[in-house]
Every structure is written in C-alpha cells, then in structure tokens.
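Summary of structural features
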Amino acid sequence: MTAAPAPILQVDDLSIGFATDDGFVPAVRGVSFDVPAGKTVALLGESGCGKSVTARAVLNFIDKPGRAERGAVRLRAENGGETTDLLQLDPDGKTIRDIRWGQIAMIFQNPGRSLTPAYTVGEQMVEAIRLHLNLSKQEARAKAIDGLREVGIPAPERRIDDYPHQMSGGMCQRVMIAMAVSCEPRLLIADEPTTALDVTIQAQVLRLLKKMQRDHGTSILLITHDMGVVAEMADEVVVMYLGKVVERGPVDAIFDDPKHPYTQKLFASTPRADLAAGEVLPSIPGAVPDHLHIPEGCPFRGRCEHEFEACTAEPTTVTINGGHRVACHLHTPDIAPGSPRPRMGVTS
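Read on for a plain summary of the structure. (Residues numbered from 1 in each chain as written. Predicted model: local features only at pLDDT ≥ 70, side-chain atom pairs only at ≥ 80, totals over all residues. Heavy atoms only, no water.)

**Regarding the nonpolar core**
Keep this limit in mind: For the purposes of this section, nonpolar cores are sets of buried Ala, Val, Leu, Ile, Met, Phe, Trp, Tyr and Cys residues that join through side-chain atoms within 4.5 Å. For every residue, the accessible area obtained with a 1.4 Å probe (protein chains only) is divided by the maximum for its type, and the residue is called buried under 20%, exposed over 50%, and partly exposed between those limits. Numbering of helices and strands starts at the N terminus; helices are DSSP runs of H or I of at least 4 residues and strands are runs of E of at least 2.
In terms of nonpolar packing, the biggest core is built from 98 residues, with Val58, Leu86, Ile104 and Tyr262 touching the most fellow members. The element that contributes the greatest number of residues to this core is helix H6 (residues 169-182), accounting for 9 residues.

**Details of helix H10 (residues 261-268)**
Under the convention used in this document: Pairs of residues are marked as contacts when any of their non-hydrogen atoms sit within 4.5 Å.
When we look at burial in H10, the residues that qualify are Pro261, Tyr262, Thr263, Leu266 and Phe267. Those residues of H10 that are buried lie in contact with strand S3 (40-44), helix H8 (227-233), strand S9 (236-241), strand S10 (244-250) and helix H9 (251-256).

**Observations concerning the side chain of His324**
Rule in force here: Polar contacts, as used here, are pairs of N or O atoms within 3.5 Å; protein pairs need one atom able to donate a hydrogen and one able to accept it. Residues neighboring in sequence count only if both atoms are side-chain atoms.
Examined against the element boundaries, His324 turns out to sit in strand S12 (residues 324-327). For His324, a relative accessible area of 2% translates into the label buried. For His324, the side chain forms a polar contact with the side chain of Glu247, separated by 2.6 Å.

**Focus on the sheet that holds strand S7 (residues 187-191)**
The following threshold applies: Note on pairing: two strands pair once DSSP finds at least 2 bridges between them. Helix axes are fitted only over the stretch in contact, all axes being lines through C-alpha atoms; the angle between N-to-C directions runs from 0 to 180 degrees.
Here we have 8 strands laid out as an open sheet, ordered S6-S7-S8-S3-S9-S10-S12-S11, and mixed in their pairing. Two strands bound the open sheet, and with one partner strand each, they are strand S6 (104-107) and strand S11 (317-321). Neighbouring strand axes in the sheet, compared pairwise and without regard to direction, differ in orientation by 20° on average. Where S7 and strand S8 (residues 219-223) come together, 5 bridges link them in parallel fashion. Residue pairing across strands places Leu188 opposite Ile220, the latter belonging to S8. Those strands touched by H6 are S6 and S7, and its axis lies near 170° from that of S6. Packed on one face of the sheet, helix H7 (residues 199-216) meets S3, S7 and S8 and runs near 150° to S8.

**Some thoughts on the environment of Asp191**
In this structure, Asp191 sits in strand S7. Judged by its relative accessible area of 5%, Asp191 falls in the buried class. In sequence terms Asp191 and Lys51 are 140 residues apart; their C-alpha atoms lie 8.8 Å from each other. Once residues within four sequence positions are removed from consideration, Asp191 is found in contact with Ser52, Met106, Ile107, Phe108, Gln109 and Ile223.

**Points about the sheet that holds strand S2 (residues 23-35)**
One open sheet holds the 4 strands; their spatial order is S2-S1-S4-S5, and the pairing between them is antiparallel. The open sheet terminates on both sides in strands that have one partner only, identified here as S2 and strand S5 (83-85). Each adjacent strand pair in this sheet contributes to an overall mean axis angle of 15°, direction not counted. Two strands pair when backbone bridges link them, and strand S1 (residues 9-20) and S2 are joined in this way by 9 bridges, in the antiparallel orientation. Bridging across to S2, Val11 finds its partner in Phe33.

**What to know about the pattern of salt bridges**
Note the cut-off: One speaks of a salt bridge when a side-chain nitrogen belonging to Lys or Arg is within 4 Å of a carboxyl oxygen belonging to Asp or Glu.
Applying the stated rule across the entire model yields 18 salt bridges. Of the charged contacts, one joins Arg303 and Glu46 as a salt bridge, the two residues approaching to 3.0 Å between their closest N and O atoms. Residue Arg303 is found in the loop between H10 and S11, and its partner Glu46 is found in the loop between S3 and helix H1 (51-58); the two are separated by 257 residues along the sequence. Here Glu184 makes a salt bridge to Lys143, at a shortest N to O gap of 3.0 Å. Highlighted residues: Glu184 in the loop between H6 and S7 and Lys143 in helix H4 (residues 137-150), separated in sequence by 41 residues. A relative accessible area of 36% places Glu184 in the partly exposed class. For Lys143, a relative accessible area of 24% corresponds to the partly exposed category. Connected through shared salt-bridge partners, Asp146, Arg149 and Glu157 make up one network.

**Topic: the packing of aromatic side chains**
Two numbers describe a pair of aromatic rings. These are the distance of the centres and the angle of the planes. For clarity, the threshold we go by: Working definition: a ring pair exists when centres of Phe, Tyr or Trp rings (six-membered ring for Trp) sit within 6.5 Å. Plane angles under 30 degrees give stacked, over 60 give edge-to-face, the rest tilted. The criterion is that NZ of a Lys, or CZ of an Arg, lies within 6 Å of the ring centre and within 35 degrees of the ring normal, and then a charge sits over that ring.
A full pass over the atoms with the stated rule returns 5 aromatic pairs. Ring plane angle 50° and centroid distance 6.3 Å describe the contact between Phe61 and Phe108, whose orientation is recorded as tilted. Of this pair, Phe61 sits in the loop between H1 and strand S4 (66-76) while Phe108 sits in the loop between S6 and helix H3 (121-132); the two residues are 47 residues apart in sequence, bridging distant segments of the chain. The exposure class assigned to Phe61 is partly exposed, which follows from its relative accessible area of 28%. According to the relative accessible area criterion, Phe108 is buried, its value standing at 17%. Here the aromatic residues Tyr241, Tyr262 and Phe300 are joined through ring pairs into a cluster of three or more. The ring of Phe61 is capped by Arg100, whose NZ or CZ atom sits 4.1 Å from the centre of that ring.

Keep in mind that these numbers describe shape and distance, not what the molecule does.
This is the structure we're talking about:
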C-alpha cells in the first residue's frame, strides 16, 4: 500500500488574537488542518468565524494589533524534505517575501485594496512575475497578457495598460487571479475568489484553477460561502465556527453525511433549485456571537436545536471514519446513544 504524500502545508494548533480597547479578542482558537500536495481544501463557515484570519496567517500577514498566540504554520520544502514554520519568520524579511507569490500566492477578497492605484495592472503583474520567475520584461508581459486572457479580460493586449480604477470590481478580481496563477505558486490561497464575478466568468475561473492544479500540481486553500464552488473544487472541507474547527473531512463525507449541527444548518440554509414557489429557506437561528463574549463549552451553544447539559463543557474532537472528524457532544463516546438530552434555551 502506497503511503499518502506529506502535506505541503500543516496548520497546527493555531491561535490568533487581537488586543483592543475593549479587551482581548480571540479570533482563531486552536485550529489544525493539513493541505495535501495537489489537493484543494475548503474553509467553510459564516462571516466572522476566522477563515480569512487563518488564511492570512499562512502568509504571516496578521494585521496589527493581532498576533499569533500559539501554534505553527509549516510549509514543506519543494524537495519534500524539512518544513519551515512561517510564523517564526520576520514578516518583513526577505525569506517570507520570497515565499509570498513565489511559493504561496493569495487571491484577496477585496481586489481594490490589493492593487496599487498608481501603477497599471500590467506593471504590477510584470513586477510580480519577474520577481519570482526568471523571465525578461518582454516575456513577463507576454505571460501577463496570456493570464488576463485566460481569466476572460477582453482585449488583454490593451487592458494590460489600464489602471485599476479603469476596471470594474469584477475585472480587478480577475486581474488578481491572473497575477496569482501567472506566478505558478505551489500553494494558492483563494479568499472568496469568485464573489464579484458573474456565473459565466466564475465557471471560467474555476476551470482555470483546476487546469493549474492539473498541470502544475498546485495545492489550493479555498475560502468561500458558495456550496456549489466547494462541491466542484474541494477534496477536503474544514468547517469553522467562532474561531474553531467543528468538523473536517473528505468533501463527499461532509456533503453526504454532515455530523455537526452547525454544518447541517449551513447546508439546509443553502438555496436549492428544487425549492417550491413560496417555500421559505431555513436559516440558522441567532447570529455568530461577539468574539469578546464567547460562550463557555461548545461554541455553537445558544443556536443549536440539539443543545443539552453536556454542551456547557467543550467537546473533544472524535473521528467518525475515513478521516471524518467532528467536535460535538452528540458524537462523543461517553454519551450513550438514546440517553436523555434535556434541551436548554435556544436563541431564535
């Protein structure tokens, strides 16, 4: 039996917090997962659950006053050998700057904040490409034009000389995708990469990401609210809630048989083509709590219809089968199936 390849990225017990005037805000709490080589891992969850903060930590981009409290983010060397803890590198040093875009590229959720308004999109793409690939200026420009064409920018030979303000938000998003893909990274972090795109361009971009993965063995860490994108792209899914991982496993296991009540609610609240006219789409009661007032025990307390006395204690993570793991008292072995579970107050 052939052993599974070592993961390209290991996030191990990562905790990130922000010191504010109102107190310390724990944004990410003990998050652990791997990104296998050549595979796509999707981070799933509502806004405010820590997905983007986790992704930015992979590049050692933790906005002040945030800081990593504990844990590690390990990138495996290209030869498959030793790993480097990216959080131990100087965030402004040469080593991490070489890794950014060269080995790990990120498509940010807000392209308007990622592109410099004083330079044309071509100047910015050529600079990034030449910084990490051994190409002449002319070769880099040609590669940039090819990248713009692949993401559906019309007349790329002309639009490459446009400034960001001359493009729509969706086109700027496509520029960011083209820039990331053109640098041929080993790991691509895509934070809501298709949010600003229409359905046709979204499909085109997803095909491009799949092609890059197929041709170059690129690993992808995908952050999205779109279940359709997850189903089409992901090999594994990590479900986050209130800064913690509540469920993770192969995409088929998560989609076919979600175990955590939060994951079940996420799927139930997703729009479906088979909804009858006038049928009300179910929603998750309440809202994600303020990170300054995280409930004790299970983070989903107060919104879960299955809540019972044991939920006042933090659940342990258990393995169901085939790498499918869940942190929920409904699945802990010390609670016998069929035992009484008195309901507690559920916020609606």
